[in-house]
Amino acid sequence: MHTITLINGDGIGPEISASVVKIIKASGLDIDWDVQTAGADVIEAEGVPLPQRVLDSIKKNKVALKAPVTTPIGKGFRSVNVQLRKSLDLFANIRPCKNLPGVKTRFDNVDLVVVRENTEDLYAGIEEQIDNDTAHSIKVITRKASERICKFAFDYAVKNNRKEVCVVTKANIMKLSDGLFLESFRHVANDYPQIAKKEILVDNLCMQLVQDPSRFDVLVLPNLYGDIVSDLCAGLIGGLGVAQGANIGLDCAVFEPVHGSAPDIKGQNKANPTALLLSAVEMLKYIGENSYADKIEKALFKTLSQGYKTCDLGGNLSTVEFTDKIIANL
């Protein structure tokens, strides 16, 4: 039996967590869930949004499934996601973007992977208020982190039979920081002669993605660009409700959906569990339970192909009804 940390989040997090746990159980796989709470709901009780017990649980179990946690905009506590990634050195953020059956989008040929550096860049959180009218944010790019993520992207391409890795920067303007990331990519690329290489500026990438996403295979980006581009790519396949993600380190991994906690529909039985379920599928592959991962993925795809969807995808099923349809297709 696997023991896996489950951070059930806040907002819609507990609802979609319950859905995914129910589906995995129905598949026949027995998991001992180490349930942990984090985010806005635990601050009043414990004083911090990310208690040490959560980090200790992940370090012990090595694998976690995480539902969305609210991050205040412009004020309040620092992002739990960012703290998790930095504290556990989850340096690689992986976001596959591929069309799903039964989900109509502008393009039917999307099959790319965003590999995002996860620990530095502007997300290092180094900011200072100079005066009432001026604030500074420091962009941190290091050779070590840049080469590590580029190597991860090439290794991912080799392992998953991908043909090309494209580095995304704004090195024409930020010649030192983004220039270092680009230099690191070029250095690492020399070790992978079997993989095609491409270089592109982030603004040009965004334009080309909405013209023809089939031009791209594996993208490797610094933290901020990766965050923005991965959401753009989610829009290509139906939105954040179907976009999964993974945060991988040397010692442990946290799997989570791309979307937020959607507090506006909390408790209304409307949330789409697909993104968290697909994240769980990737988690099952990571721990070697490929047969269960394939079984659950096929049941989800069959459900979508039959036209059963939650309201965000144009359907009318509740979270519970959609969950039950997937279980029926197992």
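Above this text is the structure in question.
The structure presented is a predicted model; accordingly, all values stated were derived computationally and were not measured.

S.K.: Summarise the overall build of the protein chain; cite the residues concerned and give the values.
M.R.: The secondary structure content of the protein chain amounts to 11 helices and 12 strands. Over its C-alpha trace the protein chain gives a radius of gyration of 20 Å, about what one expects of a compact globule, namely 20 Å for 330 residues. Viewed in the frame of its principal axes, the protein chain has a C-alpha envelope of about 55 × 45 × 40 Å. In the protein chain, buried positions account for 53% of the 330 residues. When contacts within the protein chain are restricted to residue pairs at least 6 apart in sequence, long-range pairs at least 24 apart make up 72% of them. Within the structure as shown, the protein chain displays about 14,700 Å² of accessible surface, and the carbon and sulfur contribution to it stands at 51%. Of the charged side chains in the protein chain, 38 are positive and 41 negative; the average position of the first set lies 4 Å away from that of the second.

S.K.: So what's going on with empty space enclosed by the protein? Residues and values would help.
M.R.: Counted under the stated rule, the structure contains 1 cavity of 30 Å³ or more. Considering only enclosed or pocket space, the largest cavity measures out at about 30 Å³ in volume. Forming the boundary of the largest cavity are Val-82, Arg-85, Lys-86, Arg-116, Asn-118, Thr-119, Tyr-123 and Asn-223. The leading source of residues in the lining of the largest cavity is helix α4 (residues 80-87), at 3 residues. Here the lining of the largest cavity is composed, by residue class, of 2 nonpolar, 3 polar and 3 charged.

S.K.: Before we move on, can you summarise the nonpolar core with the specific residues and values?
M.R.: In terms of nonpolar packing, the biggest core is built from 82 residues, with Leu-219 and Val-220 touching the most fellow members. Beyond its immediate stretch of four places on either side in the chain, Leu-219 contacts Leu-112, Val-113, Val-114, Val-115, Cys-166, Val-168, Leu-205 and Val-229. Membership of the second largest hydrophobic core comes to 14 residues, among which are Ala-38, Leu-50, Val-80 and Leu-88.

S.K.: Describe α4, and please don't skip the residues or the numbers.
M.R.: Residues lying three or four places apart along an α-helix face the same way, a consequence of the helix completing one turn every 3.6 residues. Buried within α4 are the following residues: Val-80, Asn-81, Val-82, Leu-84 and Arg-85. One or two positions beyond α4, positive phi appears at Asp-89, with a value near 55°.

S.K.: Outline the state of the cysteines, listing residues and values.
M.R.: For the structure on display, the rule yields 0 disulfides. Not engaged in a disulfide, the cysteine Cys-166 finds its nearest cysteine sulfur in Cys-150; these two sulfurs lie 11 Å apart.

S.K.: Please give an account of the sheet that holds strand β1 (residues 2-7) that cites residues and values.
M.R.: As summarised here, the arrangement of the 10 strands in space is β2-β1-β3-β12-β11-β4-β5-β10-β8-β9, forming an open sheet in which the pairing is mixed. Single-partner strands in this sheet number two, and they are β2 (31-36) and β9 (196-201). The sheet shows a mean angle of 25° between the axes of neighbouring strands, direction not considered. Pairing geometry for strand β5 (residues 111-117) and strand β10 (residues 218-221), over 4 bridges, is parallel. Across the sheet, residue Val-114 finds its bridge partner in β10, namely Leu-219. Sitting on the sheet, helix α7 (residues 202-211) touches β5, β8 (164-169), β9 and β10, and the angle it makes with β9 is about 105°.

S.K.: Please set out the environment of Asp-121 residue by residue, giving values where relevant.
M.R.: Residue placement: Asp-121 occurs in the loop between β5 and β6 (127-131). Through-space distance from the C-alpha of Asp-121 to that of Ile-296 is 36 Å; in sequence the pair is 175 residues apart. Those residues within four positions of Asp-121 in sequence are excluded, and the remaining contacts are Ile-138, Lys-139, Val-140, Ile-141, Pro-222, Asn-223, Leu-224 and Tyr-225. A polar contact is formed between the side chain of Asp-121 and the side chain of Lys-139, at a distance of 3.1 Å. From its side chain, Asp-121 meets the backbone nitrogen of Leu-224 in a polar contact 2.8 Å long.

Thresholds, definitions, all that
Residues numbered from 1 in each chain as written. Predicted model: local features only at pLDDT ≥ 70, side-chain atom pairs only at ≥ 80, totals over all residues. Heavy atoms only, no water. Helix = DSSP H or I, 4+ residues; strand = E, 2+ residues; numbered from the N terminus. Rg over C-alpha atoms; globule rule 2.2 N^0.38 Å. Buried < 20%, exposed > 50% of the residue type's maximum accessible area, 1.4 Å probe, protein only. Contact = heavy atoms within 4.5 Å. Areas by Shrake-Rupley, 256 points an atom, 1.4 Å probe, with all protein chains shown as cover. Lys, Arg positive; Asp, Glu negative; His and termini not counted. Charge placed at Lys NZ, Arg CZ, Asp CG, Glu CD. 1 Å grid on protein atoms, 1.4 Å probe; cavity = no way out; pocket = protein on both sides within 12 Å on 5 of 7 lines; lining within 4 Å. Points joined across faces, edges and corners; volume = space filled by probe spheres on them. Nonpolar A, V, L, I, M, F, W, Y, C, P; charged D, E, K, R; others polar. Core = buried A, V, L, I, M, F, W, Y, C linked by side-chain atoms within 4.5 Å. Disulfide = S-S within 2.5 Å. Pairing = 2+ DSSP bridges. Axes fitted to C-alpha atoms, helices over the stretch in contact; angles between N-to-C directions. Polar contact = N/O pair within 3.5 Å; in protein donor to acceptor, adjacent residues only side chain to side chain.

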